[in-house]
Amino acid sequence: MLSLTPRERVLNLFAGKEVDRPACYSGMGNVTTAALEEMGCRFQELHGDAEKMAQAGASSYRLFGYESAVIPFDICVEAEALGCAINPYEDVDQLLYPTIKEKIIHSEEEITTFVIPEDFLEQGRINVICEAIRLLKKDIGQEVAIGTYLLGPFTLAGQLMDLNDLFKLSFKKPDIINHMLDRLADVQIAIGKKFYEAGVDYITVREMGATTDILSPKAFDKVIAPHLKKIFANLSGINILHICGGTNSVVKIMNNCGATAISVENKNDMVKTRAEIGSEPLVFGQVDAYNILVSGKPEDVVKATLASLEVGVDAVWPGCDIWPTAPLENLKAMVDTVKEHGASMWVRKKRV
């Protein structure tokens, strides 16, 4: 039997090497209030402090055995670097994620004329995240894989301008939107390269704004996919594409975007997904991050985790960020279930 570290288990899978079982980890945020209590700090303190960010990033591995460490914990990093005003809610006791307070695109004309700062890589919190990556690598980088994430260009565009206008113009004037998304893809490639230089092992590109509840498969193929393909073609490393919601209608397109793996949530029918794209592509999912991990009981978590394993995921991932109030006993139940049953349910062929 193989005896792998969590880091080896994750990286071996990406490299096509033998693994003993699926890993249980994530490419999205997963800090818990239990970690914050142990650290003696507030959620708001993590976002701009590299040391606290790294400590919180390592906490999920130490508290419940997650096989990765992922930072940051919000989705405003790129928009802030491009000039959006952010509200970090520093003076609020309630647990709130940072939000965009002021957008930088206010009209259709500005879609094509807004200026990307030449020094955007030095703006906002990008350097804070790079330092946190370096601290994590030094702390637990020999034990677990270190991950981070970027927004997909369409989702980032929704941070820079009114989302309803973005959706409307995607149908009415796709050329204008495609021009903007092409520019934003270049931004994400540059940021991703900087994160890889800092030492991150994998990057998840989160295109959750491109929901199939609104965009048709045709629109996804014409407006979303070209820019994802550009990112994955120019960002060397281990890259995962994550899209929220019911993704069966676009899963073939997702799989053809060039990512190392794709990530889906519980609304995706994995049986249909495997029928569509086969058993070879790496697909991660699909435990419900809120209704199961936060609101459910440990037995619900066990059932959902086993269901994910049974339908052939290559790694057990929550379908989105784990809300910080998720009970530790639920998170431990997910990890322990994979450790206990993952090997016997590992049906994929060995790779050479």
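It should be emphasised that the depicted structure is a prediction, and the values quoted were computed from it without experimental measurement. (Residues numbered from 1 in each chain as written. Predicted model: local features only at pLDDT ≥ 70, side-chain atom pairs only at ≥ 80, totals over all residues. Heavy atoms only, no water.)

Asker: Describe the overall build of the protein, and please don't skip the residues or the numbers.
Answerer: Each helix and strand in the protein was counted, giving 14 helices and ten strands. Here the C-alpha atoms of the protein give a radius of gyration of 19 Å, agreeing with the 20 Å that 2.2 N^0.38 yields for 352 residues. Seen along its three principal axes, the alpha-carbon backbone of the protein occupies a region of about 60 × 50 × 35 Å. Counting every position in the protein, which comprises 352 residues, the buried fraction comes to 58%. In the protein, of all internal contacts separated by at least 6 residues, the share reaching a separation of at least 24 is 74%. When the accessible surface of the protein is summed, it comes to about 14500 Å², and 49% of that surface belongs to carbon and sulfur atoms. Placing the 36 positive and 48 negative side-chain charges of the protein at their respective mean positions leaves the two points 6 Å apart. (Helix = DSSP H or I, 4+ residues; strand = E, 2+ residues; numbered from the N terminus. Rg over C-alpha atoms; globule rule 2.2 N^0.38 Å. Buried < 20%, exposed > 50% of the residue type's maximum accessible area, 1.4 Å probe, protein only. Contact = heavy atoms within 4.5 Å. Areas by Shrake-Rupley, 256 points an atom, 1.4 Å probe, with all protein chains shown as cover. Lys, Arg positive; Asp, Glu negative; His and termini not counted. Charge placed at Lys NZ, Arg CZ, Asp CG, Glu CD.)

Asker: Kindly report on the pairing of strand β6 (residues 202-206), identifying the contributing residues and their values.
Answerer: For β6, the tally of buried residues reaches five of five residues, placing the bulk of the element in the interior. As judged from the five bridges shared by strand β5 (residues 145-151) and β6, these two strands associate in the parallel manner. Paired with leucine 150 across the strands is valine 205, a residue of β6. Both β6 and strand β7 (residues 238-242) contribute to a ladder of five bridges, which runs parallel. (Pairing = 2+ DSSP bridges.)

Asker: Go over the packing of helix α3 (residues 50-64) against helix α6 (residues 126-140), please, and point to the residues and values.
Answerer: Interaxial distance between α3 and α6 falls to 8 Å at its minimum, and their mutual angle equals 45 degrees. Taken together, the axis directions place α3 and α6 in an arrangement best described as oblique. Where α3 crosses over α6, the handedness of that crossing is right-handed. Seen from α3, the contacting residues are Ala50, Glu51, Met53, Ala54, Gly57, Ala58, Tyr61 and Arg62; seen from α6, they are Val128, Ile129, Glu131, Ala132, Leu135, Leu136, Asp139 and Ile140. (Axes fitted to C-alpha atoms, helices over the stretch in contact; angles between N-to-C directions. Parallel < 35°, antiparallel > 145°, perpendicular 65-115°, else oblique. Left-handed = near helix turned anticlockwise from the far one by under 90°.)

Asker: Give a description of the pattern of salt bridges that names residues and reports values.
Answerer: Proximity of charged atoms lets side chains of opposite charge pair with each other. Under the defined criterion, the tally for this structure stands at 17 salt bridges. Across the pair arginine 206 and aspartate 321 runs a salt bridge, and its minimum N-O distance is 2.5 Å. Separated by 115 residues along the polypeptide, arginine 206 in strand β6 and aspartate 321 in the loop between β10 (315-318) and α14 (328-341) bring together distant segments of the chain. A relative accessible area of 19% means that aspartate 321 is categorised as buried. Taking the shortest distance from any N to any O, the salt bridge between aspartate 314 and arginine 274 comes out at 2.7 Å. Here arginine 274 lies in helix α12 (residues 270-277) and aspartate 314 lies in the loop between α13 (298-310) and β10, a separation of 40 residues in the sequence. With relative accessibility at 0%, the residue aspartate 314 sits in the buried group. Residue classification places arginine 274 among the buried residues on the basis of a relative accessible area of 15%. Each member of the salt-bridge network shares a partner with another, and the members are Arg9, Asp20, Arg21 and Glu67. (Salt bridge = Lys/Arg side-chain N within 4 Å of Asp/Glu carboxyl O.)

Asker: Outline unusual backbone geometry, supporting the account with residue identities and numerical values.
Answerer: Of the consecutive residues isoleucine 71 and proline 72, the connecting peptide bond is found in the cis state with omega at 0 degrees. Take proline 72: it is sitting in the loop between β2 (68-70) and α4 (77-81). Cis geometry marks the peptide bond from glycine 285 to glutamine 286, where omega comes out at -10 degrees. As for its placement among the helices and strands, glutamine 286 is situated in strand β9 (residues 282-287). Its identity is not glycine, yet tyrosine 89 carries a phi of approximately 55 degrees, on the positive side. By the element assignment, tyrosine 89 lies in the loop between β3 (85-87) and β4 (99-102).

Asker: With reference to specific residues and values, describe the pairing of β10.
Answerer: The two faces of β10 match: Ala315 and Trp317 on one face and Val316 and Pro318 on the other face are all buried. As paired strands, strand β1 (residues 23-24) and β10 are joined by two bridges and run parallel to one another. Note that in β10 the partner of cysteine 24 across the bridge is valine 316. Sheet topology note: the β9/β10 ladder contains four bridges and is parallel. Pairing of phenylalanine 284 across the sheet is with alanine 315, part of β10. Each parallel crossover has a hand, and the one from β9 via α13 to β10 is right-handed. (Right-handed = clockwise from strand over helix to strand, strands pointing away.)

Asker: Explain the nonpolar core residue by residue, including any values.
Answerer: Counting residues in hydrophobic clusters, the biggest one holds 129 residues, and the most contacted among them are Met180, Phe195 and Phe284. Ranked by the residues each element gives to this core, the list is headed by helix α9 (residues 174-198), at eleven residues. When residues no more than four places from it in sequence are discounted, the contact partners of phenylalanine 195 are Ile126, Ile129, Cys130, Ile133, Thr148, Tyr149, Leu150, Val200 and Ile203. (Core = buried A, V, L, I, M, F, W, Y, C linked by side-chain atoms within 4.5 Å.)

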